[in-house]
Amino acid sequence: MRASQHGLRAFTVFVALSAAALYGTTFSVTAGAAEPQPPGVAHPQLWPATHSRGLVDAATEVRITSMLARMSVEEKVGQVIQTDIASIKPADLRRYPLGSILAGGGSGPNGNDRSPTAAWLQLARDYRAVALEARPGHEAIPPLFGIDAVHGHNNIVGTVLYPHNIGLGAAHDAELVRRIGAATAEEIAATGWDWAFAPTLAVPQDVRWGRSYEGFAQDPALVRAYASAAVEGLQGSPGAAATLQNGKVAATAKHFIGDGGTAGGVDQGDTRISEAELIRVHAQGYVGAIEAGVYTVMASYSSWQGQKMHGNHSLLTDVLKGRMGFEGLVVGDWNAQAQVPGCKADHCTAAFNAGVDMFMAPYEWQGLYANTLTDVRTGAISPARLDDAVRRILRVKFRLGLFDAARPYEGRMELLGSAAHRDLAREAVRKSLVLLKNSGALPIAAGARVMVSGPGSENLPMQCGGWSLTWQGSDTSNADYPGATSIKDAIKSAAEAGGGRLVDGSDLSGKDRPDVAVIVYGETPYAEMFGDVQLPLYNVGQPLEQLRQLKQAGIRTVSVLLSGRPLWAKPEIDLSDAFVAAWLPGTEGGGIADVLIGDRAGKPRFDFSGRLSFAWPNGTVPVAGRTGTGATWPMGYGLSYAAAAH
Ligand code: GLC
């Protein structure tokens, strides 16, 4: 092709894509003509060109090649299927040599999601023992054990739960995120598991979405920085350091792609934006994760321009594996293959051929195994495609150190809920708080009489949110969080340390009259689609009457909002002397008292440093991730004691 033709092609591409960007449609680009093309087809040349770091080395690839040559087709098909601990017993692995086992939200050993920690370790060891048995014709390949450790090792009773991602985003501290990833990886490795389905790299555009709190920010650049930090924290630096033997686990960049951009914030919905917008907003985290050497990517339930992501070859293969050079494995989401047109839970040729390397098949996995085996035998799935998927899976297993019998972190249960990890979480809580209003009520002098009230004041499930011991978190109680600290207990300790005390608010005029009242309220726990809401973005209306009474009694009030998203709370904000967005802080309520309660002289012990990583909506308009679009306060907003002092 001569230079002039190159020029014409480039110009045509530019014109077509400018129009596409303007109107959000996509055009196929052929020489000289631009005609509409089927929706949901990506153009790899428009996407960031990058590649995985630290996943491929010649020696390992040679080992994989020889292992592939020894493996039967049944063993290869087994590798591409993952099922849940509730669906398979260790002995089943003899007939079905599956590549991975997961513990989905709320799925615990022997059906008990409040199992003792040792049960988690024993379960992993039981499955692994069968997989590694020496049997004639059997290739001993250790399974990957995947779990949603999304704010600490959150399935385990007694461990530390960190602030959910929305709070970490407000901290604007990538190094903190790296440290949390490293601490979480150690805890996972101690229990014998080796794959965290984290970090979520969603860029939530409409906070009606029930998974908004799993996103770090509405700013793609912040998500990209956090993606690298979270992956390196969980996995270690790309290359030799990224192994189980170093207390590291596989990370998961999820959910590829556009999960946070669906119309109306509907979970698993349709992201109806142009390709340019998909790249600008939703792809940046994956660049960060891939360049940090992320081992796995999870495909999204959602669609782009009406096409289910799990069936989108142009994005899963041409863009992610081709243009963006991802060399790890793509895992499907929970039974998501069943949503691909023409597919069922137990049979989905299209998703595998589109680029899903491993099905997450919690049910009907035996049927999926049999049907996928048939697809390979009939040629519906080519040997090359199967080998590519198995190579990627084995590559992750080799690089992660699964084939190395040494598990130095296994059994080190003292790491779970350790003082060091609790201190780290407490620091994260402090840094996550955003001060939205303060007309003098904060900081509270340590010697004050403090009233602490509200539905969230002694409510660890509200502090922790979803993905906490159970899937939804709403079916847990304070007793499920040994070692945790409620906000009320934390404030009590801090006040009493300064000679102050708690009062119960029953006396608003006598010797027990509060100097200040801290009222804690907000959202009750939820996860995924159960957190989707409609407009108006308002459901915190519990304490209005209490705030009014306190105001009439002339008592200063501090509202602390526990929520998985910014909420329109103008009535409460107007009635409060101070208003703090605390998001979903997790088990370490002490971090809140550290900032709210000053010293005896009333000077701050810690200042607010959090800044909104989501714009704060004005109620009726969900924020489209841009400042000024229906925002009361923009991303980046947040007050501090220091600023007020000037
Ligand atoms: C869920 C979520 C995904 C999670 C997976 C396993 O449906 O979409 O984020 O990792 O299933 O629990």
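The rules behind the values
For every chain, the first residue of its written sequence is number 1, and the numbers climb from 1 along that sequence. Note on the predicted model: pLDDT of at least 70 is required for a residue's local features to be given, and 80 or more for side-chain atom pairs to be given and counted; whole-chain, interface and lining totals, by contrast, use all residues. Side-chain measures were taken over the full set of non-hydrogen atoms in the model, leaving aside hydrogen atoms and water. Only DSSP runs of H or I with at least four residues qualify as helices, and only runs of E with at least two residues qualify as strands; both kinds are numbered from the N terminus onward. Expected span of a helix, by definition, is 1.5 Å for each gap between consecutive residues, and there is one gap fewer than residues. Think of it in three bands: with a 1.4 Å probe and only protein chains considered, a residue is buried below 20% of the maximum accessible area for its type, exposed above 50%, and partly exposed in between. Note on contacts: a residue pair qualifies if any of its non-hydrogen atoms lie within 4.5 Å across the two residues. Throughout, near means a residue has at least one heavy atom within 4 Å of the molecule or strand. Between N or O atoms, a polar contact is any pair within 3.5 Å; within protein, one atom must be a potential hydrogen donor and the other a potential acceptor, and residues adjacent in sequence are included only when both atoms are from side chains. The residue classification treats Ala, Val, Leu, Ile, Met, Phe, Trp, Tyr, Cys and Pro as nonpolar and Asp, Glu, Lys and Arg as charged. All others, Gly included, are polar. Salt bridges are counted wherever a side-chain nitrogen of Lys or Arg sits within 4 Å of a carboxyl oxygen of Asp or Glu. Here an axis means a line fitted to C-alpha atoms, over the contact stretch when the element is a helix, while the angle between two N-to-C directions is reported on a 0 to 180 degree scale. By the definition adopted for this analysis, an angle is roughly parallel if under 35 degrees, roughly antiparallel if over 145, roughly perpendicular if from 65 to 115, and oblique otherwise. For any pair of crossing helices, the crossing counts as left-handed if the nearer helix is rotated counterclockwise from the farther one by less than a right angle, and right-handed if it is rotated clockwise. Being paired, for any two strands, means DSSP has found at least two bridges between them. Nonpolar cores are built from buried Ala, Val, Leu, Ile, Met, Phe, Trp, Tyr and Cys residues. Side-chain atoms within 4.5 Å join them into one set. Segmentation of the chain into domains, including their bounds, is taken from an automatic or database domain assignment. Classification of ring pairs uses Phe, Tyr and Trp, with its six-membered ring standing for Trp, and accepts pairs whose centres are within 6.5 Å; under 30 degrees between planes counts as stacked, over 60 as edge-to-face, and the remaining range as tilted. The pLDDT value expresses, per residue, how confident the predictor is, ranging between 0 and 100.

## Things to note about helix H4 (residues 117–131)
Phase 1: The first and last C-alpha atoms of H4 sit 22 Å apart over 15 residues, in line with the 21 Å expected at 1.5 Å per residue.
Phase 2: Of the positions making up H4, those classed as buried are Thr117, Ala119, Trp120, Leu121, Leu123, Ala124, Tyr127, Arg128, Val130 and Ala131.
Phase 3: Here the buried face of H4 lies against strand E4 (100–103), strand E5 (144–147) and helix H6 (174–190).

## Quick word on the site of the ligand
Phase 1: Residues in contact with the ligand amount to 15 residues; listed here are only the nearest, Asp148, Arg211, Lys254, His255 and Asp333.
Phase 2: The side chain of Lys254 places a nitrogen or oxygen atom 2.8 Å from an oxygen atom of the ligand.
Phase 3: By residue class, the composition of the shell around the ligand is 7 nonpolar, 3 polar and 5 charged.

## A short note on the pattern of salt bridges
Phase 1: Scanning all chains against the criterion turns up 42 salt bridges.
Phase 2: The salt bridge involving Arg178 is made with Glu175; its shortest N-O contact spans 3.0 Å. A residue pair is termed a helical-turn pair when its members lie 3 or 4 positions apart in one helix, as Arg178 and Glu175 do in helix H6 at 3 residues.
Phase 3: Using a relative accessible area of 42% as the deciding quantity, one classes Glu175 as partly exposed.
Phase 4: Through salt bridges with shared partners, one network takes in Lys321, Asp357, Arg385, Asp388 and Arg392.

## As for the packing of H6 against helix H14 (residues 419–432)
Phase 1: Axis separation between H6 and H14 bottoms out at 11 Å; the angle between their running directions is 150°. With respect to their mutual orientation, H6 and H14 come out roughly antiparallel. Crossing angle aside, the handedness with which H6 passes H14 is left-handed. Contacts between H6 and H14 involve Leu176, Arg179, Ile180, Ala183, Glu186 and Glu187 from the first element and His421, Leu424, Glu427, Ala428 and Lys431 from the second.
Phase 2: Tallied by class, the residues present in the contact of H6 with H14 amount to 5 nonpolar, 1 polar and 5 charged.

## Considerations on the side chain of Thr476
Phase 1: With respect to the element layout, Thr476 can be found in the loop between helix H15 (460–464) and helix H16 (487–497).
Phase 2: On the basis of relative accessible area, Thr476 is assigned to the buried category, the value being 10%.
Phase 3: Side-chain polar atoms of Thr476 contact the backbone oxygen of Gly473, separated by 2.8 Å.
Phase 4: The contacts of Thr476, once residues within four sequence positions are left out, are Arg114, Pro461, Ser468, Leu469, Thr470 and Tyr481.

## Notes on the sheet that holds strand E19 (residues 578–583)
Phase 1: Within the open sheet, the 6 strands sit side by side as E14-E19-E18-E17-E15-E16. Their pairing is mixed. At either end of the open sheet lies a strand with only one pairing partner, and these are strand E14 (434–438) and strand E16 (501–503). In this sheet, neighbouring strand axes are inclined to one another by 25° on average, regardless of whether the strands run parallel or antiparallel.
Phase 2: Where strand E17 (residues 516–522) and strand E18 (residues 556–562) come together, 7 bridges link them in parallel fashion. Among the inter-strand pairings, Tyr521 is bridged to a residue of E18, identified as Leu561.

## Thoughts on the sheet that holds strand E12 (residues 329–331)
Phase 1: If you trace the 3 strands from one edge of the open sheet to the other, you get E7-E9-E12, paired in parallel fashion. A strand with exactly one partner marks an edge of an open sheet, and here the two such strands are strand E7 (252–256) and E12. Sheet twist, expressed as the average angle between the axes of neighbouring strands with direction ignored, equals 25°.
Phase 2: Summarising the sheet, strand E9 (residues 296–299) and E12 pair through 3 bridges and their orientation is parallel.

## Remarks on the nonpolar core
Phase 1: Trp47, Ile81, Trp193, Ile257, Leu315, Leu394 and Trp616 are the most contacted members of the largest nonpolar core, which totals 158 residues.
Phase 2: Mapping this core onto the domain boundaries places at least three of its residues in each of domain 1 (44–78 + 146–415) and domain 2 (433–645).
Phase 3: Those residues in contact with Leu394 that sit more than four places away from it in its chain are Ile64, Met67, Leu68, Met71, Gln79, Ile141 and Phe403.

## Looking at the packing of aromatic side chains
Phase 1: Within the structure shown, the criterion is met by 17 aromatic pairs.
Phase 2: Measuring from centroid to centroid gives 4.9 Å for Tyr96 and Trp365, while their planes differ by 80°, and the two rings are edge-to-face. Of this pair, Tyr96 sits in the loop between strand E3 (81–84) and E4 while Trp365 sits in helix H12 (residues 365–378), and the two are 269 residues apart along the sequence.
Phase 3: Judged by relative accessible area, Trp365 falls into the buried class, the value being 2%.
Phase 4: Relative to Tyr641, the ring of Phe608 has its centre 5.4 Å away and its plane inclined at 70°; by these criteria the two rings are edge-to-face. Of this pair, Phe608 sits in the loop between helix H19 (590–596) and strand E20 (616–617) while Tyr641 sits in helix H20 (residues 641–645); the two residues are 33 residues apart in sequence, bridging distant segments of the chain. Exposure class is identical for Phe608 and Tyr641. Each is buried.

## So, the pairing of strand E15 (residues 449–453)
Phase 1: Among the 5 residues that make up E15, 4 are buried, leaving the element largely enclosed by the rest of the structure.
Phase 2: Across 3 bridges, E15 lies against E16 in parallel orientation. Looking at E16, one finds that Met451 is bridged to Val503.
Phase 3: Relative to E17, E15 runs parallel, the two being bridged by 4 bridges. By the bridge assignment, Ser453 is partnered in E17 with Ile519.

## Focus on H6
For the α-helix, the turn length of 3.6 residues means that residues three or four positions removed from each other point alike.
Phase 1: With 17 residues, H6 should reach 24 Å at 1.5 Å per residue; the first-to-last C-alpha distance of 25 Å fits that figure.
Phase 2: When we look at burial in H6, the residues that qualify are Leu176, Val177, Ile180, Gly181, Ala183, Thr184, Ala185, Glu187, Ile188, Ala189 and Ala190.
Phase 3: Looking at the packing, one finds that the buried side of H6 touches H4, helix H5 (165–171), strand E6 (195–196), helix H7 (220–235) and H14.
Phase 4: Among the residues of H6, the N-terminal cap falls to Asp173, whose side-chain oxygen and the backbone nitrogen of Glu175 are separated by 3.2 Å.
Phase 5: Gly192, located one to two residues past H6, shows a positive phi value of around 85°.

## Examining the confidence of the model for the protein
Phase 1: Scored by pLDDT, the protein has a mean of 92; 92% of the residues are at 70 or more.
Phase 2: The low-confidence segment residues 1–32, where pLDDT is below 50, has 42 contacts with residues more than four positions distant or belonging to other chains.

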